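Examining the three-dimensional arrangement
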Amino acid sequence: MGLKMFPDPKVLLVLAALLLHAALGFPIQEDYGNSTATTEPTEVTTPEDIFDSPSPTETDSEDEVIFNRILEANKGSSQYLQEGDIVPQRRRSAINCRHCNWPPSGDGIVRVPYVLDPAYEESHVKGILDAMGEFEALTCINFVKRKNERDYLNIKSADGCWSNYGKVGGGQTVSVMKGGCMWKGIIQHELDHALGFLHEHSRSDRDKYVRIMWEYISPADRPDFKKFENSRNLGLPYDYSSVMHYGPYTFSNTTGKPTIVPIPDESIHIGQRQGLSNLDVAKINKLYNCSRCSTILDAASGSLRSANHPRNYSDNTNCVWLIRTRSRKVSLHFQAFELQKTRGCQGDYIKVYDGSSKSSALLMDKTCGSKIPSDIVASGNHILVEFVTDGADTASGFKATFTS
């Protein structure tokens with residue numbers, strides 16, 4: 001009688017481990033540039049995440065997903081579009097926008113009226129308002145409900161994700177389709193077009209920073225990579241991580257071949273999905289002559305402090321820090337805290353919001369004095385910290401760290 005052959009138990013253990021690893025999809029280490037920690041926990045996508053955390057496909061890197069999703073949504077659009085999502089104007093070049101800024105009010109705030117499509121559901125409205133709220137927190141742009149203004153944004157669920165370039169007059173459409181455009185980065189991308197901003201790769205100085213791989217771009221798509229010599233660069237650096245940047249494979253006609261390559265360092269990530277970058281914010285504030293103290297912190301962990309800390313901060317300041325991590329939750333820990341103490345903290349104070357705008361729920365209301373606040377944990381991956389001082393006495397201020 002022949003002997004039966006049984007596999008070596010050690011071999012079975014190795015095979016089981018490999019299968020388990022593949023099934024669970026353990027996260028791999030990624031470098032996001034300004035992150036101080038490079039390994040993050042896996043994310044579980046829930047319905048409310050749709051505006052912040054779209055899951056990239058196998059062919060879309062996480063850092064280019066905004067524009068690829070815009071192009072996917074626009075495939076069935078009947079609208080003629082330049083560069084994938086810009087509506088050209090008959091009475092002017094779509095790119096010649098010299099007098100198309102939205103006007104400031106007497107207080108310096110630029111109020112942009114809008115109306116929302118009644119077809120939007122409550123979750124869609126919340127997502128759009130959250131995207132708008134970041135503009136208001138970080139810049140002098142305020143999107144306000146239209147009363148009877150002649151010029152306004154008509155935000156509707158049309159056939160795709162697209163917008164005009166700058167203010168064109170009357171009720172201009174910003175299309176944010178319910179079926180494919182409901183991500184914060186996409187909404188902010190289209191609103192940024194309406195404020196007067198082009199795609200970053202269209203800048204007149206782009207050839208110093210990226211190389212366009214024409215051999216992987218079909219002739220019909222090559223106009224979308226046109227460089228505009230009269231672009232408004234505002235004296236600010238080229239921004240690889242702008243919410244307005246194409247992804248590396250946008251319009252590629254060859255799988256796996258990029259259409260845009262950073263130079264001289266090809267490893268630099270271009271495009272992203274999170275929303276406005278610090279340079280996006282700086283460009284808005286410079287174009288609209290706005291003096292606003294705001295910073296986006298999008299690493300896995302880091303720190304923030306009042307100006308001059310541990311020396312005394314200045315009078316009459318109003319600064320915000322938007323902490324935006326890529327994990328599920330973010331926490332804030334104050335290491336030092338010394339603010340002028342007034343009744344009801346009506347003078348100098350810090351407020352902390354559970355989200356990315358001042359309309360978000362409060363995690364910490366106005367706080368002053370010298371008692372270090374307890375640690376704060378947000379319900380999600382955004383925290384907004386607001387620091388306000390008056391014209392009276394000052395103190396050493398604060399220092400805090402955040403982790404995800």
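Residues numbered from 1 in each chain as written. Predicted model: local features only at pLDDT ≥ 70, side-chain atom pairs only at ≥ 80, totals over all residues. Heavy atoms only, no water.

With that settled, consider the overall build of the chain. Each helix and strand in the chain was counted, giving five helices and 17 strands. Counting over 404 residues, the chain shows a buried share of 50%. Sequence separation of 24 or more characterises 76% of the internal contacts of the chain that already satisfy a separation of 6 or more. With the model as given, the accessible surface of the chain reaches about 19,800 Å², and the carbon-plus-sulfur share is 53%. (Helix = DSSP H or I, 4+ residues; strand = E, 2+ residues; numbered from the N terminus. Buried < 20%, exposed > 50% of the residue type's maximum accessible area, 1.4 Å probe, protein only. Contact = heavy atoms within 4.5 Å. Areas by Shrake-Rupley, 256 points an atom, 1.4 Å probe, with all protein chains shown as cover.)

Looking now at the packing of aromatic side chains. As enumerated under the stated definition, the model contains 13 aromatic pairs in all. Aromatic side chains Tyr238 and Tyr240 sit 5.2 Å apart centroid to centroid with 65° between the ring planes, which places their arrangement in the edge-to-face category. For the ring pair Phe334 and Phe337, a centre distance of 5.5 Å and an interplane angle of 90° mean the geometry is edge-to-face. Grouped by ring-pair contacts, the aromatic residues Tyr313, Trp321, Phe334, Phe337, Phe387 and Phe398 constitute a single cluster. Cation over ring: Arg69 sits above Trp183, and NZ or CZ is 4.5 Å from the ring centre. A cation over an aromatic ring shows up here: Lys366 above the ring of Tyr349, its NZ or CZ 4.7 Å from the ring centre. (Phe/Tyr/Trp six-rings, centres within 6.5 Å; stacked < 30°, edge-to-face > 60°. Lys NZ or Arg CZ within 6 Å of the ring centre and 35° of its normal.)

Attention shifts here to the nonpolar core. Counting 57 residues, the largest nonpolar core has Ile141, Phe143, Leu153, Ile155, Leu195 and Tyr288 as the members making the most contacts within it. The element contributing the most residues to this core is helix α3 (residues 122–138), with six residues. Apart from residues no more than four positions distant in its own chain, Ile141 is found in contact with Val110, Val112, Phe135, Glu136, Leu195, Ile284 and Tyr288. Counting residues in each nonpolar core, the second largest holds 27 residues, with Cys319, Phe337, Tyr349 and Ala395 among its members. (Core = buried A, V, L, I, M, F, W, Y, C linked by side-chain atoms within 4.5 Å.)

With that out of the way, let us pick up the pattern of salt bridges. Tallied over the full model, the rule gives 15 salt bridges. As a salt-bridge pair, Arg206 and Asp207 come within 2.9 Å of each other at their nearest N and O atoms. Ionic pairing is found between Lys227 and Asp207, a salt bridge with its closest N-O pair at 2.7 Å. Here Asp207 lies in the loop between α4 (184–195) and β7 (210–212) and Lys227 lies in the loop between β7 and β8 (260–262), a separation of 20 residues in the sequence. Assessed through its relative accessible area of 25%, Lys227 is described here as partly exposed. One salt-bridge network, held together by shared partners, links Glu200, Arg203, Asp205 and Lys283. (Salt bridge = Lys/Arg side-chain N within 4 Å of Asp/Glu carboxyl O.)

Below, the discussion takes up the confidence of the model for the chain. Per-residue confidence for the chain gives a mean pLDDT of 83; residues scoring 70 or more make up 82%. Overall, residues 1–7 carries pLDDT values under 50, and its contacts beyond four positions in sequence, including any with other chains, amount to one contact. Segment residues 9–64: pLDDT under 50, and 73 contacts once partners within four positions in sequence are set aside and those in other chains are kept. (pLDDT = per-residue confidence, 0-100.)

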